[in-house]
Amino acid sequence: MHATLTTTYTDTRADALGWCLGLPPLPALAARDVDLGGLKLDLRLLGASHQVLIGPEPGGGEPVSETVACVPGAATPLPARAATRLGRWEYEFTALTQQLGDGAFAARVREIVALATGHRYGLIGEYPGLPYAVTAMVVERCGAGAVWSTWHTYPQECRIVSTRSRAM
C-alpha cells in the first residue's frame, strides 16, 4: 500500500529516533491491517516513525507493540540489537543507521520504494515536497510468528535508519 502523506515531515533527525515496547496504538498518518494466516498485524506510519502491533491472538496471549519514534520520556535510544520475551513471544530487534552520499542515498531510497510498493504486505508513506523522504515497512510470516523490516529516510542528512524485527 502506497500513501502520500499530507503532513509536515517530522522526526527529522535519524538520531532522534527512540525504541519502545508496549505502547498503545498511536495516531497514524497511514495504517494497514495485515492477516498472515490468522496472525493479525497493524502496520502504522507515525510521521517519519513506525508502530507495529501484533495480536492479540485468538484464545488469549498478549499483543506485541513495537514503536520506533520520537516519544519523549517513553523511548530509549535506538539500540543496535535487543532481544526479550513478551508473553509467549520471543522478540528480536536490530537497527542500523547508514550515512550515504547524495547519489547512493537517492538510489537506495528508490530501491526501498520499489521493494515496499511491490511487496504483498508493504506500507510506504512519502512526504510531499521533500524528495526521498519516506517511511516504509514490509512484513512476512515466519513460522508461528512474523518478521518485519522498516526504513526511515532522512534526505537532509542522507541517512537511512533500517530496522528488522521478529516475534516468534
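Residues numbered from 1 in each chain as written. Predicted model: local features only at pLDDT ≥ 70, side-chain atom pairs only at ≥ 80, totals over all residues. Heavy atoms only, no water.

J.: Before we go on, may I ask you to explain the overall build of the protein in this structure?
T.: Secondary structure assignment for the protein yields one helix and 13 strands. Reading the protein from its N end, one meets helices and strands in the order β-β-β-β-β-β-β-β-β-α-β-β-β-β. Taken against the 2.2 N^0.38 rule, which gives 15 Å for 168 residues, the C-alpha radius of gyration of the protein at 15 Å falls within 12% of a compact globule. Across its three principal axes, the protein shows a C-alpha extent of roughly 50 × 35 × 25 Å. A total of 168 residues make up the protein; the buried ones form 48% of that total. A sequence separation of at least 24 residues applies to 58% of the contacts in the protein between residues at least 6 apart. Computed over 14 positive and 15 negative side-chain charges, the inter-centroid distance for the protein is 4 Å. (Helix = DSSP H or I, 4+ residues; strand = E, 2+ residues; numbered from the N terminus. Rg over C-alpha atoms; globule rule 2.2 N^0.38 Å. Buried < 20%, exposed > 50% of the residue type's maximum accessible area, 1.4 Å probe, protein only. Contact = heavy atoms within 4.5 Å. Lys, Arg positive; Asp, Glu negative; His and termini not counted. Charge placed at Lys NZ, Arg CZ, Asp CG, Glu CD.)

J.: How should helix α1 (residues 102–118) be read in this particular structure?
T.: Owing to its 3.6 residues per turn, the α-helix brings residues three or four apart onto one side. An ideal rise of 1.5 Å per residue puts 24 Å on 17 residues; α1 measures up with 24 Å between its terminal C-alpha atoms. Restricting attention to buried positions, one finds in α1 the residues F105, A106, V109, I112, V113 and A116. Taken around the axis of α1, the buried residues stretch over an arc of 120 degrees, which confines them to a single face. Away from its buried face, by an angle of more than 90 degrees, α1 presents the exposed residues G103, A114 and G118. Of the surrounding elements, those touching the buried residues of α1 are β1 (2–4), β10 (122–126), β11 (134–142), β12 (145–154) and β13 (159–167). (Expected span 1.5 Å × (residues − 1). Arc of directions from axis to C-beta.)

J.: What should I look at first to understand the pairing of strand β3 (residues 30–36) in this one?
T.: On a regular strand, one side chain projects to one face of the sheet and the next to the other, so that they alternate. With burial as the criterion, only one face of β3 is covered, namely that bearing A30, R32, V34 and L36; the residues A31, D33 and D35 on the opposite face remain uncovered. Relative to strand β4 (residues 39–46), β3 is paired through seven bridges, and the arrangement is antiparallel. Bridging across to β4, R32 finds its partner in L43. Joining the antiparallel neighbours β3 and β4 is a turn of two residues, in which G37 adopts a positive phi near 60 degrees. (Pairing = 2+ DSSP bridges.)

J.: Please clarify how the sheet that holds β3 should be interpreted in this entry.
T.: The sheet built from six strands is open, its strands ordered β3-β4-β5-β6-β2-β7 with antiparallel pairing. The sheet is open, and its two borders are formed by β3 and β7 (76–77), each paired with just one other strand.

J.: Which parts of the structure should I look at to understand the pairing of strand β8 (residues 81–86)?
T.: Where β8 meets strand β9 (residues 89–99), six bridges bridge the pair, whose relative direction is antiparallel. Paired with A82 across the two strands is F93, which belongs to β9. From the end of β8 to the start of β9, which pair antiparallel, there are two residues, and G87 there has a positive phi angle of about 65 degrees.

J.: Is there a simple way to think about the sheet that holds β9 in this case?
T.: Hydrogen bonds along the backbone pair up the strands of a sheet, which may run parallel or antiparallel. An order of β1-β10-β11-β12-β13-β9-β8 is seen for the seven strands of this open sheet, with the pairing classed as mixed. At either end of the open sheet lies a strand with only one pairing partner, and these are β1 and β8. The mean angle between the axes of side-by-side strands here comes to 15 degrees, regardless of whether they run parallel or antiparallel. (Axes fitted to C-alpha atoms, helices over the stretch in contact; angles between N-to-C directions.)

J.: Sorry, what's going on with the nonpolar core here?
T.: Nonpolar side chains tend toward joint burial in soluble globular proteins. Counting residues in each nonpolar core, the largest one holds 34 residues, and the members touching the most others are L36, L41, I54, V139 and W148. Those residues in contact with I54 that lie beyond four places of it in its chain are L39, K40, L41, P63, V64, W89, W148 and A167. By size, the runner-up hydrophobic cluster in this structure holds twelve residues, among which are V109, A116, I124 and V134. (Core = buried A, V, L, I, M, F, W, Y, C linked by side-chain atoms within 4.5 Å.)

Don't take any of this as a statement about function, it's just geometry.
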